[in-house]
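Now for the letters of each chain:
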Amino acid sequence: DFLRTTSAPRGVEAIVTNPPYKLAGEFVSHALHLAPKVYMLLRLAFLESEKRRPILDGGQLARVLPFRNRLPMMHRDGWDGNKSSSAVAFAWFVWDRNHSGDATIKRISWSKR
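Residues numbered from 1 in each chain as written. Predicted model: local features only at pLDDT ≥ 70, side-chain atom pairs only at ≥ 80, totals over all residues. Heavy atoms only, no water.

Glancing now at the pattern of salt bridges. This model, assessed by the stated rule, comprises three salt bridges. A salt bridge links D1 to R4; the nearest nitrogen and oxygen atoms lie 3.5 Å apart. Like D1, the residue R4 is exposed in the burial classification. The salt bridge involving R53 is made with D57; its shortest N-O contact spans 4.0 Å. On the criterion of helical spacing, the pair formed by R53 and D57 is a turn pair, its members being four residues apart in helix α2 (residues 53–57). When its relative accessible area of 57% is taken as the criterion, D57 is described as exposed. One salt-bridge network, in which partners are shared between bridges, spans E50, R53 and D57. (Salt bridge = Lys/Arg side-chain N within 4 Å of Asp/Glu carboxyl O. Buried < 20%, exposed > 50% of the residue type's maximum accessible area, 1.4 Å probe, protein only. Helix = DSSP H or I, 4+ residues; strand = E, 2+ residues; numbered from the N terminus.)

Now the structure itself:
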């Protein structure tokens, strides 16, 4: 259970994950205690919260990298099943203990186009 972890393995400099969304705020807070950098794949709507103000407005949120195209669902390499798209916007959120100030926003793409 990640939230019960008391320390990161020696040498770990970052935590990268796609947390359960209902626990995302807790995952971010805990991860920042364990590692100096935290990368979380989250819904872009994660920004819309008063409850998460300490982790969003505390100065350690360094970057938000929203995808300019929606993430494909079930389009893994070799997938022969039905294709579907997501109606939800996602972004990589990057926290850095050494960052101070406002976060930057840069749009990214998962596709080669």
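Okay, the sheet that holds strand β2 (residues 37–43) next. Read from one edge to the other, the open sheet built from five strands follows the order β1-β2-β6-β3-β7, with strand pairing classed as mixed. At either margin of the open sheet sits one strand with a lone partner, and together these are β1 (14–17) and β7 (104–105). Two strands pair when backbone bridges link them, and β1 and β2 are joined in this way by four bridges, in the parallel orientation. Bridging across to β2, T17 finds its partner in M40. (Pairing = 2+ DSSP bridges.)

The next subject is the pairing of strand β6 (residues 90–96). Looking along a regular strand, one sees side chains alternate from face to face of the sheet. In terms of burial, β6 is a largely internal element, six of the seven residues being buried. Bridge count for β2 against β6 is seven bridges, and the pairing is antiparallel. Paired with L41 across the strands is W92, a residue of β6. With five bridges joining them, strand β3 (residues 61–66) and β6 adopt antiparallel strand pairing. Its bridge partner lying in β6, L65 is registered against W92.

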